[in-house]
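Listed below are the residues making up each chain.
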Amino acid sequence: FSDPIIQFACLDASLAIKPVLDRFASVVITSGTLSPIDLYPKLLDFKPVVSRSLSMSIIRPCICPMVVTRGSDQTPITSAYSARGDKSVVINFGALLIEVAKTVPDG
């Protein structure tokens, strides 16, 4: 047996986001780790219409996270990179976004 190796990698999300910004006129980017929030607009040369950073706290009422494993048609959905080309996953995430937006004041 050899000694265990711990490897730390800081991955650059701009590599994955850039082709999306090039292809689509409107993009919603969400993440728990895109920080500092003003970094990616500078790196990718775009101007966000809306940009929000939400702090998390257990002291005050906050946004309730939702874990979704199936779409409205009961098809399993995932955010795994390997599933990003799966049409049913894309359709189900889109439908979920539309339904959630209906319940949020001002969409």
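Structure shown above.
About the criteria used
- Residues numbered from 1 in each chain as written.
- Predicted model: local features only at pLDDT ≥ 70, side-chain atom pairs only at ≥ 80, totals over all residues.
- Heavy atoms only, no water.
- Helix = DSSP H or I, 4+ residues; strand = E, 2+ residues; numbered from the N terminus.
- Buried < 20%, exposed > 50% of the residue type's maximum accessible area, 1.4 Å probe, protein only.
- Areas by Shrake-Rupley, 256 points an atom, 1.4 Å probe, with all protein chains shown as cover.
- Salt bridge = Lys/Arg side-chain N within 4 Å of Asp/Glu carboxyl O.
- Patch = residues over 30% accessible without salt bridge, like charges linked within 9 Å, V, L, I, M, F, W, Y side chains within 5 Å.
- Polar contact = N/O pair within 3.5 Å; in protein donor to acceptor, adjacent residues only side chain to side chain.
- Contact = heavy atoms within 4.5 Å.

Draft legend 1. A look at the overall build of the protein. For the protein, the count of helices and strands is three helices and zero strands. Along the protein, from the amino end to the carboxyl end, the secondary structure elements read α-α-α. Residues counted as buried form 9% of the 107 residues belonging to the protein. Total accessible area computed for the protein in this model is approximately 9900 Å², and 61% of it derives from carbon and sulfur atoms.

Draft legend 2. Looking closely at unusual backbone geometry. A positive phi is found at D45, a non-glycine position, where the angle reads about 55°. By relative accessible area, which is 69% here, D45 ends up exposed. Of note, Q74 is a non-glycine position whose phi angle comes to about 70°, a positive value. With respect to the helices and strands, the residue Q74 is situated in the loop between helix 2 (39-44) and helix 3 (87-103).

Draft legend 3. Spatial organisation of the pattern of salt bridges. Applying the stated rule across the entire model yields three salt bridges. Here K42 ties to D38 by a salt bridge, and the two come within 3.6 Å at their closest N and O atoms. Note on K42: relative accessible area 63%, which makes it exposed. The exposure class of D38 is partly exposed, given its relative accessible area of 41%.

Draft legend 4. Region of the structure containing a nonpolar patch on the surface. A contiguous nonpolar patch, built from V20, F24, V27 and I29 and spanning about 280 Å² of accessible area, is present on the exposed surface. Summarising the element assignment, V20 is placed in helix 1 (residues 14-23). Residue classification places V20 among the partly exposed positions, given a relative accessible area of 33%.

Draft legend 5. Just the environment of S88, in detail. Along the chain, S88 turns up in helix 3. Spatially, the C-alpha atoms of S88 and I77 are 8.0 Å apart, while their sequence positions differ by eleven residues. Among the polar contacts listed, one links the side chain of S88 to the side chain of D86, at a separation of 2.8 Å.

Draft legend 6. Examining the environment of S35 more closely. Position of S35 among the secondary structure elements: in the loop between helix 1 and helix 2. Sequence spacing of S35 and S53 is 18 residues, and the spatial spacing of their C-alpha atoms is 8.8 Å.

Draft legend 7. Seen up close, the side chain of N92. You can see N92 is positioned in helix 3. For N92, the contacting residues outside a window of four places in its chain are G71, S72, D73, T75 and I77.

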